[in-house]
Amino acid sequence: MPELALSRRAALRGLGAAGLLAGLVGCGVPAAYVPEGRREGTDRSAEDRSLAFANWPLYIDTDEEDETRRPTLDAFSKRTGIEVKYTEEINDNDEFFGKVSPALMNHQETGRDLIVVSDWMAARFVRLGWAQTMNRAAQPNVAKYLDPQLRSPAFDQGRLHTVPWQCGITGIAYNRKALGREIKSTKDLWHPDLAGKVTLFSGLDESFSLLMQGNGVDVTRWTEPDFHRMCDQVEEMVRKKHIRRFTGNDYTSDLSKGDVLACQAYSGDAIQLQADNPDIAFVVPEEGAELWAESLMIPNLARHKASAEALVDHYYQPEIAAELAASVNYVCPVPAAREVMAASGDKDTAELAENPLIFPDDEMRKRLVVARDIATAERRSFAKRWNAIVGL
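Residues numbered from 1 in each chain as written. Predicted model: local features only at pLDDT ≥ 70, side-chain atom pairs only at ≥ 80, totals over all residues. Heavy atoms only, no water.

Where helix α7 (residues 204-214) contacts helix α16 (residues 376-390), the axes come no closer than 11 Å and their chain directions differ by 85°. Put simply, α7 runs roughly perpendicular to α16. Contacts between α7 and α16 involve Leu 204, Asp 205, Ser 207 and Leu 211 from the first element and Arg 379, Phe 382, Ala 383 and Trp 386 from the second. Here the residues of the contact of α7 with α16 are counted per class, giving five nonpolar, one polar and two charged. (Axes fitted to C-alpha atoms, helices over the stretch in contact; angles between N-to-C directions. Helix = DSSP H or I, 4+ residues; strand = E, 2+ residues; numbered from the N terminus. Parallel < 35°, antiparallel > 145°, perpendicular 65-115°, else oblique. Contact = heavy atoms within 4.5 Å. Nonpolar A, V, L, I, M, F, W, Y, C, P; charged D, E, K, R; others polar.)

This is the structure in structure tokens:
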């Protein structure tokens, strides 16, 4: 990524539009759930060779000499004859949810055939019945090459409605030289020599998994007592002024300037930070870390479902997946892309194949898990407590 100022995982969140919807449902307003049989519209893919793809900024490969060109998308259009209307309109999960939810609640088209949201938000779409089941028979590359560790998250068993676009790890970044020791455990964040020099993420969905794992919790099936124990711990550290502040993606600036020595961090950002400062280390703690994804979905009544499925499958060709991963530097959901990248004639690209933050090795994978998401029934009370701690 050429910039760190805008991260897919770093936007500050309150309850937002999704919390409002949950509140309305809880107050007796009929749920907006759409049953499977009412999700598909008339598919115009055969006669209208186009599709609308909504994504986040800086989340696709671009031509170095012409940033308006996106080589992997251009290759799809050249091969299939399908024009892709690509928009970088997703800047925050809740904000985008608020943009499209009125249409989806009222069984109307969104104007988009393919969207990318974080998995915790994708979980809401799936629970509400707002994402169509993809035809895996038309997606042989997805069926063959999707990372086994990502095939069946709790919110979408079997990945019927979602497919990872890119993935990442929430771990710990720290300045090894300035700290003068290694960090191996999440518990190391609470060591006295880091008092006032630690930051955590302000977003509940971004923060909770790593902190719970530090307490030895199996985050694939965490419970309400686990959540409150984690909050008690963080609350105590705030009281002691051990935590400098809670951040969005501005943690990268704090770490680079030396204002903090250790922080919650995303693997994709760490690669960029290390390029500027080799003293910055990123660690997957001994207790484990969260492997997350931002996933592709086809919203209800999309006009070009078959074309959207074809584009998803296009990105699961190892050659295409390697090209995308080399550009954005996130964890690649296609392990077979590693061999393609390693064989690259470009030295820098070939070296990326050995980076465990793009292709986690077996030892690291043992410590990575896909956390269960926060259920709708839990979200309001949990967010209220967390936001009070972080000052949102």
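Right, let's talk about the environment of Val 84 for a bit. In this structure, Val 84 sits in strand β2 (residues 83-88). As for Val 84 and Asp 74, which are separated by ten residues in sequence, their C-alpha atoms are 8.5 Å apart. In contact with Val 84, not counting residues within four places along its chain, are Leu 51, Phe 53, Leu 73, Phe 76, Ser 77 and Leu 311.

Below, the discussion takes up the pattern of salt bridges. Applying the stated criterion across every chain, the model contains 26 salt bridges. Between Asp 74 and Arg 69 there is a salt bridge, with its nearest N and O atoms 3.3 Å apart. The class for Asp 74 is partly exposed, based on a relative accessible area of 31%. Under the relative-accessibility criterion, Arg 69 is labelled partly exposed at 37%. Taking the shortest distance from any N to any O, the salt bridge between Arg 221 and Asp 218 comes out at 3.0 Å. (Salt bridge = Lys/Arg side-chain N within 4 Å of Asp/Glu carboxyl O. Buried < 20%, exposed > 50% of the residue type's maximum accessible area, 1.4 Å probe, protein only.)

Applying the stated criterion to the full structure yields 17 aromatic pairs. Judged by centre distance (5.6 Å) and plane angle (25°), the ring pair of Phe 97 and Trp 130 falls under stacked. Linking Phe 97 in helix α3 (residues 93-105) with Trp 130 in the loop between α4 (119-128) and α5 (140-145), this pair joins segments that are 33 residues apart in sequence. Overall, Trp 130 belongs to the buried group, its relative accessible area being 0%. Their ring planes at 80° and their centres at 6.0 Å tell us that Phe 125 and Trp 130 sit as a pair that is edge-to-face. Of the residues examined, Phe 125 reaches a relative accessible area of 1% and is grouped as buried. Following the ring pairs from residue to residue traces out a cluster consisting of Phe 53, Tyr 59, Tyr 86, Trp 165, Phe 201, Tyr 251, Tyr 266, Trp 292, Tyr 315 and Tyr 330. Here the basic side chain of Arg 372 rests over the ring of Trp 222, its NZ or CZ set 3.8 Å away from the ring centre. (Phe/Tyr/Trp six-rings, centres within 6.5 Å; stacked < 30°, edge-to-face > 60°. Lys NZ or Arg CZ within 6 Å of the ring centre and 35° of its normal.)

Moving on, we come to helix α8 (residues 224-239). Here α8 is 16 residues long and its end C-alpha atoms lie 22 Å apart, about the 22 Å a rise of 1.5 Å per residue gives. Every buried residue of α8 is listed here: Asp 226, Phe 227, Met 230, Cys 231, Val 234 and Met 237. The buried residues of α8 occupy an angular sector of 130° when the element is viewed end-on, so they sit on one face. In α8, the exposed positions that point more than 90 degrees away from the buried face belong to Pro 225 and Arg 239. Structurally, α8 contributes buried residues whose contacts are with β5 (198-201), α7, β6 (243-247) and α16. Among the residues trailing α8, Lys 241 stands out with phi positive, at a value near 60°. (Expected span 1.5 Å × (residues − 1). Arc of directions from axis to C-beta.)

Here we come to empty space enclosed by the protein. Following the criterion strictly, the structure yields three cavities of 30 Å³ or more and no others. By volume, the largest cavity amounts to about 160 Å³. Around the largest cavity, the lining is made up of 17 residues, and of these Asp 119, Trp 120, Glu 290, Ala 371 and Asp 373 lie nearest the centre. For the lining of the largest cavity, the secondary structure elements donating two or more residues are α4, α7 and β9 (289-297). The leading source of residues in the lining of the largest cavity is β9, at four residues. (1 Å grid on protein atoms, 1.4 Å probe; cavity = no way out; pocket = protein on both sides within 12 Å on 5 of 7 lines; lining within 4 Å. Points joined across faces, edges and corners; volume = space filled by probe spheres on them.)

It is worth spelling out the packing of α7 against α8 at this point. Their axes nearest at 10 Å, the elements α7 and α8 cross at an angle of 95°. As the angle between them shows, α7 and α8 are arranged roughly perpendicular. Mapping the contact onto sequence places Leu 204, Phe 208, Leu 211 and Met 212 in α7 and Asp 226, Phe 227, Met 230, Gln 233 and Val 234 in α8.

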